[in-house]
Structure formats: structure tokens, C-alpha cells
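Below, each chain spelled out in residue letters.
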Amino acid sequence: MLTNFYMKHTLNRRQHDFLLTCRQILRASSSYIKPCDLARKALASQAREYYIDEDYAYRMVLGFMKYGKMPTRQSTRDMCLELVGRVTALKAVKPGLCIMPAVKTVLESGTASRFFISHRTAQNLIERNYRLLLK
């Protein structure tokens, strides 16, 4: 039950931050940007965090490192590969570090390379909130 609440809260934060990024892109632009182009530019922007639960990230990284399991959705798969890469790099620097503390450190330490949202979801978010983005 708590996990469902956390996931909703996390998704709302992710959407909020994504829309703020869209607003910044619109304000920086001197001309009209179509929603599909705005989605593409915003998706390529750096995200403040991974917007993922620690336990889920751990299971995803562990599943890949031990069993080669990959998530089915492309955006989640890309995030998994990035997390695994960062965890592996951290474990190379600190050889005795277990996976869970490494995942926690990666999640707390910084930003994600991009927003891990599908282009279709990003475009739908923009289209639903386009008026708010222009304010």
C-alpha cells in the first residue's frame, strides 16, 4: 500500500519536473515549438533524479547483473542500463561495496542523464498541459 503511494508521488514529481523543463525550453525559444519537437527536446534534457523507488531499482539492477533480465519497456530498459553502468563503475572504485548500498548511493548522488519517459507519454503530457506551459 505504501509503495503504491510512493509510486504515485514519484510519478507526480517526475511529471512536474518534466513539465518545468518543457516550460524552460519554451521560454528560451523565440518561436513556436510543436509539441512533438518540445517532447523530443525535453526528453533529451537532464533529469534531477531517476524517479524510482530504491527497492525497485535494486531488483532491476540485481536482476540484470545476476540473471541478465531486462525490463520490457524501452525507457525502463534504458534507465536500467544506465543504473547498472553507474553501479558497476562505483563498485569498481569501491570493490567491497554490495549492490544495495551502491544502488542507494547512485540514486542519492545525482541526476539522471535524461527523462526516462516514452516519447508518446511525453507528448501526451505536453498536449494535456500546453496552456499551463505558456503561462
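Residues numbered from 1 in each chain as written. Predicted model: local features only at pLDDT ≥ 70, side-chain atom pairs only at ≥ 80, totals over all residues. Heavy atoms only, no water.

K.L.:
Got a sec to walk through the packing of aromatic side chains? Specific residues and values, please.
P.N.:
This model, assessed by the stated rule, comprises 3 aromatic pairs. With a centroid separation of 6.2 Å and an interplanar angle of 10°, the aromatic rings of Tyr-50 and Phe-116 are classed as stacked. On the criterion of sequence distance, the pair formed by Tyr-50 in the loop between helix 2 (35-43) and helix 3 (54-67) and Phe-116 in the loop between helix 5 (99-109) and helix 6 (119-128) is long-range, its members being 66 residues apart. Exposure class is identical for Tyr-50 and Phe-116. Each is buried. Here Tyr-51 and Phe-115 contribute two aromatic rings whose centre-to-centre distance is 6.3 Å and whose plane-to-plane angle is 10°, an arrangement assigned as stacked. Pair noted here: Tyr-51 is in the loop between helix 2 and helix 3 and Phe-115 is in the loop between helix 5 and helix 6, with a separation of 64 residues, a long-range link. In this structure, Tyr-51 and Phe-115 share a single accessibility class: buried. An aromatic cluster of at least three residues, connected via ring pairs, comprises Phe-18, Tyr-51 and Phe-115. (Phe/Tyr/Trp six-rings, centres within 6.5 Å; stacked < 30°, edge-to-face > 60°. Helix = DSSP H or I, 4+ residues; strand = E, 2+ residues; numbered from the N terminus. Buried < 20%, exposed > 50% of the residue type's maximum accessible area, 1.4 Å probe, protein only.)

K.L.:
Explain the nonpolar core to me, using residue names and the numbers behind them.
P.N.:
Of all hydrophobic cores here, the largest spans 39 residues; its most connected members are Phe-18, Leu-38, Tyr-50, Ile-52, Leu-83, Ile-126 and Leu-133. Only helix 1 (2-28), helix 2, helix 3, helix 4 (74-93), helix 5, helix 6 and helix 7 (130-134) provide two or more residues apiece to this core. It is helix 4 that contributes the most residues to this core, 6 residues altogether. (Core = buried A, V, L, I, M, F, W, Y, C linked by side-chain atoms within 4.5 Å.)

K.L.:
Before we move on, can you summarise the environment of Arg-59 with the specific residues and values?
P.N.:
Secondary-structure assignment places Arg-59 in helix 3. For Arg-59, a relative accessible area of 54% translates into the label exposed. Taking the C-alpha atoms as reference, Arg-59 lies 9.9 Å from Val-103; in sequence the two are 44 residues apart.

K.L.:
Residue-level account of the pattern of salt bridges, with values.
P.N.:
Counted by the stated rule, this structure contains 4 salt bridges. Close ionic contact of Arg-48 with Asp-17 constitutes a salt bridge, the shortest N to O distance being 3.1 Å. Of this pair, Arg-48 sits in the loop between helix 2 and helix 3 while Asp-17 sits in helix 1, placing them 31 residues apart in sequence. We classify Arg-48 as exposed; its relative accessible area is 55%. Looking at Asp-17, the relative accessible area reads 7%, which means it is buried. (Salt bridge = Lys/Arg side-chain N within 4 Å of Asp/Glu carboxyl O.)

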